[in-house]
Amino acid sequence: MLLRGLKDGNGDVLRPSPAVRRMLAGTPWPGAEGPRGAALRRTVAELNARGVPTDGLYLAWDFTVASTRDLTGRAVHMRDDAFAKLGGRAPAFTVGKVTDFTAEQDPYLARRVEGTVDVPSYLDLPGGPPGSSLHYGRNGLPEQLPGNVQKANFRCNVPRSAMDKPAQPVLYGHGLMGSADEIDSEKLRKASQEHGLMLCATDWIGMSEGDILNVASVLLNVSRFNTIPDRQQQSYLDFLFLGRALAHPQGFGANAAFRAPDGRPVIGTGLAYAGASQGGIQGVALTALAQDFRRSALIVPGINYGTMLQRSVDFATYEKLLAVSHPDRLEQQLVLNLIQMLWDRGEGNGYAAHVTRDPLPGTPAHRVLVHEAFGDHQVANIATETMARTLGTSGCGSPPSRPAASPTSRRSGTCRPCPARRTRAPRSSPGTAGPRRRRPPTSRPPRGRTRTATPAARPRPWASSRGSSSRARSSTPAPGSPARSR
């Protein structure tokens, strides 16, 4: 906070108090002025470093709105506790169904494998069903009830190319209130085959197809909202355990379901993550927590659901339920901002600052590809660009405000035009007074842009036989394939 250029009732400029002047000059009196002066000078330096002039300063201070420990501490504790119990072993898993396809049945997939992975559950009901919330121990951190296990579903699509050359394993995060079977879409199956990727998905519990009834009930009674971000924090652990099962030598790769007819493994090295829409939003938090992969493709993502919801066409149906419990539109804004304080723990908003820099304890920094869709009617561009700035990505600037405008990008201190995009000027029909009305897009626009953020690579924290640090430093992340402009 900076107060500057203040004037009194007579129009005279207000000067800072003698104490403030002493602290700014670095000559504080003994006592409280010493530490307070150091904090004041640090605040002024940070403001100046961000281009905010402090001439005419009357007073400046900073304050903590939320600590890293409060935002991320629960998920980090769950991760560390669960993997400490796992040790160096692969997670236990069960293969429930294996489906082989002929080329006539599916030109892209050779096999689909479905099953469950056993994950320690930190929720307060057996098996952690929708509506459950985190169970806390005496230390105020999530604690596993004795024997409570989350049976995290998984669905893996093995491309035909993997029968000749092992495919790179990629964790995939589905969209809003969806499910793991999103990887069955033709575009993802085709991309898997073309780029040698084996997509494996589990449900984003908390905001998956199985949570729809609970989400509806929460909108009618927001005092139960914690059940959504609590299950989402458990879902991060589900994804991390699925990733360990994919990467560990004694995990999926040791099972016959993940081997070719001649016995060769179909899973290669270089575990990565890719997620679209909600999968991109939640992928921010997952990536910040990930120890077994270094690269993510976040496709049409964003942060801060409180900002996104009422800007999204997807929220229209759910908004009707919120209007029942809170019919006043101003009150709805208050509600969304209040619940965001809990939601920060269960979406990318609380984790974005720790993805590519300032990593969380025991976590490497990551390399991220961000793909934004211009004029997105589902994930507002403001949420994507706020996320990109927080991540520290480089790439194209804001979309043009006029059809003929050319945005610029800043990379390493230089400014250059973004790649040209075809635009169409509004046209008027004979006898009409205005431009031709264009139908709003029912899906994301086909042209977008990408941003990348690159940290230094770090050694894998376990079993280095599944990959090398040089792969993590690759200038082009492999999961970027599904993120190509559409």
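Because the structure is predicted, anything quoted here is derived from the model rather than measured.

Draft legend 1. Broad picture of the confidence of the model for the protein chain. Averaged over every residue, the pLDDT of the protein chain is 85; residues scoring 70 or more account for 81%. Confidence over residues 397-449 falls short of pLDDT 50; this stretch has 80 contacts with residues more than four positions distant or in other chains. Taken as a whole, residues 456-486 scores under 50 in pLDDT and shows 82 contacts with residues more than four places along the chain or in a different chain.

Draft legend 2. Examining the layout of surface pockets more closely. The computed volume of the second largest pocket comes to approximately 600 Å³. Forming the boundary of the second largest pocket are 15 residues, of which Glu46, Arg50, Asp62, Phe63 and Val65 lie nearest the centre. At 3 residues, the largest contribution of residues to the lining of the second largest pocket is made by helix α2 (residues 33-49). For the lining of the second largest pocket, the per-class residue count stands at 8 nonpolar, 4 polar and 3 charged.

Draft legend 3. Seen up close, the pairing of strand β5 (residues 149-159). Burial runs high along β5: 8 of the 11 residues are buried. Across 11 bridges, strand β4 (residues 109-120) lies against β5 in antiparallel orientation. Each residue of the ladder has a partner; that of Gly115, found in β5, is Phe154.

Draft legend 4. Structural context of empty space enclosed by the protein. Counted by the stated rule, this structure contains 6 cavities of 30 Å³ or more. Size it by volume and the largest cavity reaches roughly 360 Å³. As for the largest cavity, its lining consists of 26 residues, and the residues nearest its centre are Leu176, Met207, Tyr305, Leu309 and Trp343. Contributions of two or more residues to the lining of the largest cavity are made by α5 (212-220), α7 (278-289), α8 (305-308), α9 (316-325) and α10 (329-343). At 4 residues, the largest contribution of residues to the lining of the largest cavity is made by α10. Of the residues assigned to the lining of the largest cavity, the class counts are 21 nonpolar, 4 polar and 1 charged.

Draft legend 5. Region of interest: the state of the cysteines. A full pass over the atoms with the stated rule returns 1 disulfide. Between the sulfur atoms of Cys156 and its disulfide mate Cys200 the distance is 2.0 Å. Taking the sign of the S-S torsion, 120° for the link of Cys156 and Cys200, the bridge is right-handed. A residue pair is termed long-range when its members are at least 10 positions apart, and Cys156 in strand β5 and Cys200 in strand β7 (residues 197-201) qualify at 44 residues. Each member of the pair, Cys156 as well as Cys200, is classed as buried.

Draft legend 6. Expanded view of a nonpolar patch on the surface. Side chains of Met1, Phe63 and Val65 sit close together on the surface and give an oily, nonpolar patch of about 370 Å² of accessible area. Of note, Met1 is situated in the segment before β1 (2-4).

Draft legend 7. Up close: the nonpolar core. Core analysis: the biggest nonpolar cluster contains 58 residues, and Leu246, Phe252 and Phe258 have the highest contact counts within it. If you list the elements that add at least two residues to this core, you get α3 (68-86), β4, β5, β7, α6 (227-247), α7, β10 (367-373) and α11 (381-391). The biggest single contributor to this core is α6, with 9 residues. What Phe258 contacts, discounting residues up to four positions off in sequence, is Arg111, Val113, Phe154, Cys156, Met198, Phe252, Arg264, Pro265, Val266 and Ile267. Within the second largest apolar cluster, 20 residues are counted, among which are Val215, Phe225, Leu322 and Leu336.

Draft legend 8. Seen up close, the pattern of salt bridges. Summed over all chains, the structure comprises 15 salt bridges. For the salt bridge of Asp81 with Lys85, the shortest nitrogen-to-oxygen distance reads 3.1 Å. Placement of the pair is Asp81 and Lys85 together in helix α3, with a separation of 4 residues, close to one helical turn. Among the salt bridges present, the one from Asp292 reaches Arg244, with a minimum N-O distance of 2.6 Å.

Draft legend 9. Structural view of the side chain of Arg294. Inspection of the secondary structure puts Arg294 in the loop between α7 and β9 (295-299). No salt bridge is formed by the buried Arg294. Its closest oppositely charged neighbour is Asp292, at 6.0 Å. A polar side-chain atom of Arg294 sits 2.8 Å from the main-chain carbonyl oxygen of Gln291.

Draft legend 10. Fine view of unusual backbone geometry. Even without being glycine, Asn304 reaches a positive phi, approximately 75°. The residue Asn304 is located in the loop between β9 and α8 in this model. In the Ramachandran plot, Asp358 falls in the positive-phi region, its phi being about 45° despite a non-glycine side chain. One can find Asp358 in the loop between α10 and β10. According to the relative accessible area criterion, Asp358 is exposed, its value standing at 53%.

Draft legend 11. Structural detail: the packing of aromatic side chains. Under the counting rule described, the total for this entry stands at 11 aromatic pairs. Between the aromatic rings of Phe239 and Tyr273, the centroid separation amounts to 6.3 Å while the plane-to-plane angle is 75°, which identifies the pairing as edge-to-face. Highlighted residues: Phe239 in helix α6 and Tyr273 in strand β8 (residues 272-276), separated in sequence by 34 residues. For Phe239, a relative accessible area of 0% translates into the label buried. Relative to Phe258, the ring of Phe252 lies with its centre 4.8 Å away and its plane at 5°, an arrangement referred to as stacked. Through a chain of ring-to-ring contacts, three or more aromatic side chains come together here, namely Trp204, Tyr236, Phe239, Tyr273, Phe293 and Tyr351. Against the face of Trp29 rests Arg22, its NZ or CZ located 3.6 Å from the ring centre.

Draft legend 12. Layout of α6. Between its terminal C-alpha atoms α6 stretches 31 Å, which fits the 30 Å expected from 21 residues at 1.5 Å a residue. Among the 21 residues of α6, 21 are classified as buried, and the element is accordingly described as predominantly covered.

Draft legend 13. The arrangement of the packing of α3 against α6 in detail. Where α3 contacts α6, the two axes come as close as 10 Å, and the packing angle between them is 35°. Taken as a pair, α3 and α6 cross one another with a handedness that is right-handed. Across the interface between the two elements, Arg74, Ala75, Met78, Arg79, Ala82, Phe83 and Leu86 from α3 touch Gln233, Gln234, Tyr236, Leu237, Leu240, Phe241 and Arg244 from α6.

Cut-offs and rules
Here the residue numbers are simple positions, counted from 1 along each chain's written sequence. Thresholds applied to this predicted model are a pLDDT of at least 70 for local features of residues and 80 or more for the giving and counting of side-chain atom pairs; totals over whole chains, interfaces and linings are not thresholded and use all residues. Side-chain numbers come from the whole structure's heavy atoms, not from hydrogens or water. Confidence scores labelled pLDDT are given residue by residue by the predictor and lie between 0 and 100. Whether two residues touch is decided by their heavy atoms; if any such pair falls within 4.5 Å, the residues are in contact. Grid spacing is 1 Å over the protein atoms alone, the probe is 1.4 Å, and a cavity is where that probe fits but cannot get out, while a pocket is an open set with protein on both sides within 12 Å along at least five of seven lines and lining residues have an atom within 4 Å of a point. Grid points are joined across faces, edges and corners, and a volume is the space filled by probe spheres set on the points. Secondary structure elements follow DSSP: runs of H or I no shorter than four residues count as helices, runs of E no shorter than two count as strands, and numbering proceeds from the N terminus. For this classification, Asp, Glu, Lys and Arg are treated as charged, while Ala, Val, Leu, Ile, Met, Phe, Trp, Tyr, Cys and Pro are nonpolar and the rest, including Gly, are polar. Here the term buried applies to any residue with accessible area under 20% of the maximum for its type, exposed to any over 50%, and partly exposed to those in between, with areas from a 1.4 Å probe on protein chains only. Whether two strands pair comes down to DSSP finding at least two bridges between them. For this text, the term disulfide refers to a pair of cysteine sulfurs within 2.5 Å. Note that patches include only residues with greater than 30% relative accessible area and no salt bridge, and the join distances are 9 Å for like charges and 5 Å for nonpolar side chains (Val, Leu, Ile, Met, Phe, Trp, Tyr). We get accessible surface area from the Shrake-Rupley algorithm with a probe of 1.4 Å; when it comes to residues, only the shown protein chains can shield them. A side-chain nitrogen of Lys or Arg and a carboxyl oxygen of Asp or Glu constitute a salt bridge if their distance falls within 4 Å. We define the nonpolar core as a collection of buried residues of types Ala, Val, Leu, Ile, Met, Phe, Trp, Tyr and Cys that are connected through side-chain atoms lying within 4.5 Å of one another. His is not counted here, nor are the chain ends, while Lys and Arg score as positive and Asp and Glu score as negative. Any N or O atom pair separated by 3.5 Å or less is treated as a polar contact, with the protein-specific requirement of one donor-capable and one acceptor-capable atom, and with residues adjacent in sequence counted only for side-chain atom pairs. Two rings from Phe, Tyr or Trp (for Trp, the six-membered ring) form a pair when their centres are within 6.5 Å of each other. A pair whose planes differ by under 30 degrees is stacked, one over 60 is edge-to-face, and the rest are tilted. Each ring is checked for a lysine NZ or an arginine CZ that lies within 6 Å of its centre and within 35 degrees of its normal; such an atom marks a charge sitting over the ring. Working rule for helices: expected span equals 1.5 Å times residues minus one. The convention used is that axes are lines fitted to C-alpha atoms, helices contributing only their stretch in contact, and that angles between N-to-C directions extend from 0 to 180 degrees. Each crossing gets its hand from how the near helix is turned against the far one by less than a right angle, where anticlockwise is left-handed and clockwise is right-handed.

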